[in-house]
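# Notes for the structure review
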Amino acid sequence: MRKPEPVQVIKTRRDAALRGLVESVPYIQYLGVQFDRRGDELTAVLPYREDLIGNPLLPAIHGGVTAAFLEITSIIELTWSSQWADMEEGKLAGDTLPPMPKTIDFTVDYLRTGLPRDAYARARVNRSGRRYASVHVEAWQDNHDRIFAQATGHFLMPTRDDG
Amino acid sequence: MATAKKAATDDGMITQNDRIKLARQFIEAIPHSRALGMRLEEIGDGIAIISMPYDERLVGNPATGVIHGGAVSALMDTCGGAAVMSHGDAPVGTATIDLRIDYMRAATPGQRIRARAECYHVTRSVAFVRATALDDDDDNPVAAATGAFTFQRAKGA
């Protein structure tokens, strides 16, 4: 039997793969979205900033920021889950980024006002085929029970070389 | 929710030019719209045109330099809200209920993106909007959107 890999080696590999994915996209950096990882589970975090405001009177987070946050979370989750097996087998080339899925359509449901504080989101890949994928994503702030926005998106998967 | 409110104005006293100026000041004062460099091009009677410059910070695909869909969403949402606010029934506020965006093609890197939104129907409390986003190629839209917005009427209206 093969000796299991030391936990630190596994963590380092997974964190590096995730960081590579997230840090390669300027828009994710611009909005300041970060990803928290527990095993394969990702939680996106959007730290509050004044220039994310869409309504200064309420004040409320811009609906476009919410949409963008949900779309980023969906794409990263989709890419992350589809490359997981290759990553675990050490097949990911360190410096080349995996091609990203392309958004076909994205429907956002605004349930509550986005308050001027940090927001969190988790996406679930409901179906991921060779060509198309369907992803659902939910975002919340102080209470996970009180979702403030949700979305469903369809994505075109990148064609794989070995496909 | 994506919300917007504007101060009640005395319709009888202001001209169309003033209306555009007020709307422009209003939209360009939204912190996130300003951060993305949005500019109001036209507004009136339930139709709004807002543009956004190409910006390297908004790139979603570093290999191609194409703008992230999320930034296009922000533009569409702002433009949809502006179209609702410019409706002839003079709402006092609006918030996005839902917004669906279809991405038809990648926006050409380096080009300004222009969104045109039309509030094509209102009920007592709901406004229906459709929008398209274009770059320099007017014949091939980058994205299309449809949305429902709240339509907040003044008390007693």
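Only a predicted model underlies this, so the values are computations on that prediction, with no experimental measurement involved.

For the rest of this paragraph, the subject is the overall build of chain B. For chain B, the count of helices and strands is three helices and nine strands. Element order for chain B, N to C, with α for helix and β for strand: β-α-α-β-β-β-β-α-β-β-β-β. Counting only residues that meet the buried cut, chain B has 43% of its 157 residues in that class. Once local pairs closer than 6 in sequence are excluded, the contacts in chain B between residues at least 24 apart make up 66%.

Right, let's get into the overall build of chain A. Regarding its fold elements, chain A presents three helices and eight strands. Starting at the N terminus and ending at the C terminus, chain A contains elements arranged as α-α-β-β-β-β-α-β-β-β-β. For chain A, the C-alpha radius of gyration of 17 Å lies close to 15 Å, the compact-globule estimate for 163 residues. The dimensions of chain A, computed from C-alpha atoms along their principal axes, are 60 × 35 × 30 Å. Within chain A, the proportion of its 163 residues that are buried is 34%.

All names here are of chain A. Packing of helix H1 (residues 7–23) against helix H3 (residues 63–88) brings their axes to within 11 Å, and their N-to-C directions diverge by 140°. It follows from the interaxial angle that H1 and H3 lie oblique. Here the hand of the crossing between H1 and H3 comes out right-handed. Note on element contacts: H3 touches H1 through Ile76, Thr79, Trp80 and Met87, opposite Arg13, Arg14, Ala17, Leu18, Leu21 and Val22. Of the residues contributing to the contact of H1 with H3, the split by class is seven nonpolar, one polar and two charged.

For the rest of this paragraph, the subject is the environment of valine 142 of chain B. All names here are of chain B. Within the secondary structure, valine 142 is located in the loop between strand S8 (126–134) and strand S9 (143–150). For valine 142, a count of 23 C-beta atoms within 10 Å puts it in the buried group. With 40 residues separating them along the chain, valine 142 and aspartate 102 place their C-alpha atoms 8.7 Å apart. Residue contacts for valine 142: discarding those within four places in its chain leaves Val72, Met104, Arg105, Ala107, Ile113, Ala133, Leu134 and Asp135.

Taken together, the contacts link 34 residues of chain A with 33 residues of chain B. Only helix H2 (26–31), strand S3 (53–55), H3 and strand S5 (102–110) of chain A provide two or more residues apiece to the side of chain A that touches chain B. Among the residues making up the side of chain A that touches chain B, the classes are represented as 19 nonpolar, nine polar and six charged. Two strands pair when backbone bridges link them, and S5 of chain A and strand S6 (residues 93–103) of chain B are joined in this way by five bridges, in the antiparallel orientation. The partner of phenylalanine 106 of chain A across the bridge, within S6 of chain B, is isoleucine 101 of chain B.

Below, the discussion takes up unusual backbone geometry. Residue proline 59 of chain A is reached from leucine 58 of chain A by a cis peptide bond, and omega for that bond is -15°. The backbone phi angle of aspartate 45 of chain B is positive, close to 50°, even though this residue is not glycine. Along the chain, the position of aspartate 45 of chain B falls in the loop between strand S2 (39–44) and strand S3 (47–52). We note that alanine 90 of chain B has phi near 50°; this positive angle belongs to a residue other than glycine. Relative to the helices and strands, alanine 90 of chain B is located in the loop between helix H3 (69–85) and S6.

With that settled, consider the UniProt feature "domain: Thioesterase" (unreviewed entry) in chain B. UniProt feature "domain: Thioesterase" (unreviewed entry): in the numbering of this structure it lies at residues 65–139 of chain B. As annotated, residues 65–139 of chain B has a helix share of 23% and a strand share of 43%, and its two end C-alpha atoms lie 22 Å apart.

A few words now on the pairing of strand S2 (residues 41–46) of chain A. Residue and element names in this part refer to chain A. With five bridges connecting them, strand S1 (residues 34–38) and S2 associate as antiparallel partners. Each bridged residue has a counterpart across the sheet, and for arginine 37 the counterpart in S2 is leucine 42. The hairpin formed by S1 and S2 contains two residues between the paired strands, and glycine 39 there has a positive phi angle of roughly 60°. The pairing of S2 with strand S6 (residues 119–128) spans three bridges and is classified as antiparallel. Paired with alanine 44 across the two strands is alanine 121, which belongs to S6.

On to H3 of chain B, then. Here H3 of chain B spans 24 Å end to end across 17 residues, near enough to the 24 Å set by a 1.5 Å rise per residue. Most of H3 of chain B sits out of view: 17 of its 17 residues are buried.

Thresholds, definitions, all that
Residues numbered from 1 in each chain as written. Chains lettered and ligands numbered in written order. Predicted model: local features only at pLDDT ≥ 70, side-chain atom pairs only at ≥ 80, totals over all residues. Helix = DSSP H or I, 4+ residues; strand = E, 2+ residues; numbered from the N terminus. Buried ≥ 20, exposed ≤ 12 C-beta atoms within 10 Å, placed from the backbone. Contact = placed C-beta atoms within 7 Å. Rg over C-alpha atoms; globule rule 2.2 N^0.38 Å. Axes fitted to C-alpha atoms, helices over the stretch in contact; angles between N-to-C directions. Parallel < 35°, antiparallel > 145°, perpendicular 65-115°, else oblique. Left-handed = near helix turned anticlockwise from the far one by under 90°. Nonpolar A, V, L, I, M, F, W, Y, C, P; charged D, E, K, R; others polar. Pairing = 2+ DSSP bridges. UniProt positions renumbered as here; feature names shortened; annotations may be inferred. Expected span 1.5 Å × (residues − 1).

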